[in-house]
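These are the residues of each chain, in order.
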Amino acid sequence: MCYFEQTRWNCGYWKWGNFRQQCHKEYRTGETCGLKLVFQTSLLAAPCKLCDQRFKKERRIHKMAMDIERWQREGNRRATIEKTYQDIEEIQAQIDDLYRQHEQRQKTL
Ligand SMILES: [Zn+2]
């Protein structure tokens, strides 16, 4: 068990930081035994990069949905609307993926 710094964002996501202290099981200089323990946690009062990406994609979907609404009122934009629906689905899948990665990380440690 070697000690590492940890960064934790206010959304619950975290990552390992610098190596701080070796444990008594590890005698090789500069090596770590593979089991990581928290030395110190720095809390960040901001959402993590995954959340940031997710928010951006959600805003994009929101904007596209408003475009679709407008195009439907205007008429004659069937192809564009269909294309945009496909784009939304794609982005939604990316959002789901980011969400899963985030969930998984929160569950560990
Ligand atoms: Zn996050």
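Everything quoted here is computed from the prediction, not taken from an experiment.

Bound to the zinc ion on the protein side are Cys-11 (SG), Cys-48 (SG), Cys-51 (SG) and His-102 (NE2), at distances that span 2.0 to 2.3 Å. Around the zinc ion sit 4 donor atoms, and with donor-metal-donor angles ranging over 101 to 119° the site reads as tetrahedral. Counting residues between consecutive donors of the zinc ion along the chain gives the motif C-x36-C-x2-C-x50-H. For the pair Cys-48 and Cys-51, one class covers both residues: buried.

Attention shifts here to the domain arrangement of the protein. What the domain assignment lists for the protein is domain 1 (2-44) and domain 2 (49-107). Computed from C-alpha coordinates alone, the two centres of domain 1 and domain 2 are separated by 36 Å. If you look at the interface, domain 1 gives 5 residues, while domain 2 gives 6 residues. Taking both partners together, domain 1 and domain 2 bury about 530 Å²; carbon and sulfur atoms supply 60% of that area. In terms of surface lost to domain 2, no three residues of domain 1 exceed Cys-11, Tyr-13 and Trp-14, which account for 83% of the buried area on that side. Summed over the shared surface of domain 1 and domain 2, the result is 0 salt bridges. Across the contact surface, domain 1 and domain 2 share 2 residue pairs in polar contact (both at pLDDT 80 or more). Each residue belonging to the side of domain 1 that touches domain 2 can be placed in one class, and the counts come to 3 nonpolar, 1 polar and 1 charged.

Our focus in this paragraph is the nonpolar core. Nonpolar side chains tend to gather and get buried jointly when the protein is soluble and globular. Within the largest apolar cluster, 8 residues are counted, these being Ile-61, Met-64, Ile-68, Trp-71, Ile-81, Ile-88, Ile-91 and Ile-95. Contributing elements (two or more residues each) for this core: α1 (49-74) and α2 (78-107). Apart from residues lying up to four places away in sequence, Ile-68 is in contact with Ile-81, Thr-84, Tyr-85 and Ile-88. With 6 residues, the next largest nonpolar core counts Trp-9, Tyr-13, Cys-48 and Cys-51 among its residues.

Attention now moves to the pattern of salt bridges. One pass over the structure, following the stated rule, counts 9 salt bridges. For the salt bridge of Lys-56 with Asp-52, the shortest nitrogen-to-oxygen distance reads 3.8 Å. With a gap of 4 residues between them, Lys-56 and Asp-52 both fall in helix α1, about one helical turn apart. Among the residues examined, Asp-52 registers a relative accessible area of 36% and is labelled partly exposed. The residue Lys-63 makes a salt bridge to Asp-67 at a minimum N-O spacing of 3.3 Å. Taken together, the positions of Lys-63 and Asp-67, both in helix α1 and 4 residues apart, correspond to about one turn of that helix.

Conventions used here
Every chain is numbered on its own, with residues counted from 1 as its sequence reads. Per-residue local features are limited, in this predicted model, to residues with pLDDT of at least 70; the limit for side-chain atom pairs, both in listing and counting, is 80 or more; totals at the level of whole chains, interfaces and linings are taken over all residues. Heavy atoms from the whole structure form the basis of all side-chain values; hydrogens and water molecules are not counted. Any N, O or S atom lying within 2.8 Å of the metal counts as a donor, with the limit raised to 3.2 Å for Na, K and Ca; because water is left out of the atom set, some sites can appear incomplete. In this scheme the shape depends on donor count and angles: four donors with every angle between 85 and 135 degrees give tetrahedral, four or six donors with opposite pairs above 155 degrees and others between 65 and 115 give square planar or octahedral in turn, and any other case is irregular. Buried means the residue's accessible area, taken with a 1.4 Å probe over protein chains only, is under 20% of the maximum for its type, while exposed means over 50%, and partly exposed covers the values in between. An automatic or database domain assignment supplies the residue ranges for each domain. Throughout, a residue-residue contact means that at least one pair of heavy atoms, one from each residue, lies within 4.5 Å. Put simply, buried area is the surface a 1.4 Å probe can reach on two separate parts but cannot reach once they are joined, added for both. Each reported salt bridge corresponds to a side-chain nitrogen of Lys or Arg within 4 Å of a carboxyl oxygen of Asp or Glu. Any pair of nitrogen or oxygen atoms within 3.5 Å is treated as a polar contact; in protein, a donor-acceptor pairing is required on top of that, and neighbouring residues in sequence qualify only through side-chain atoms on both sides. Each residue gets one label: Ala, Val, Leu, Ile, Met, Phe, Trp, Tyr, Cys and Pro are nonpolar, Asp, Glu, Lys and Arg are charged, and the others, such as Gly, are polar. In plain words, nonpolar cores are sets of buried Ala, Val, Leu, Ile, Met, Phe, Trp, Tyr and Cys residues tied together by side-chain atoms within 4.5 Å. Segments assigned H or I by DSSP are reported as helices when at least four residues long, segments assigned E as strands when at least two residues long, and all are numbered from the N terminus.

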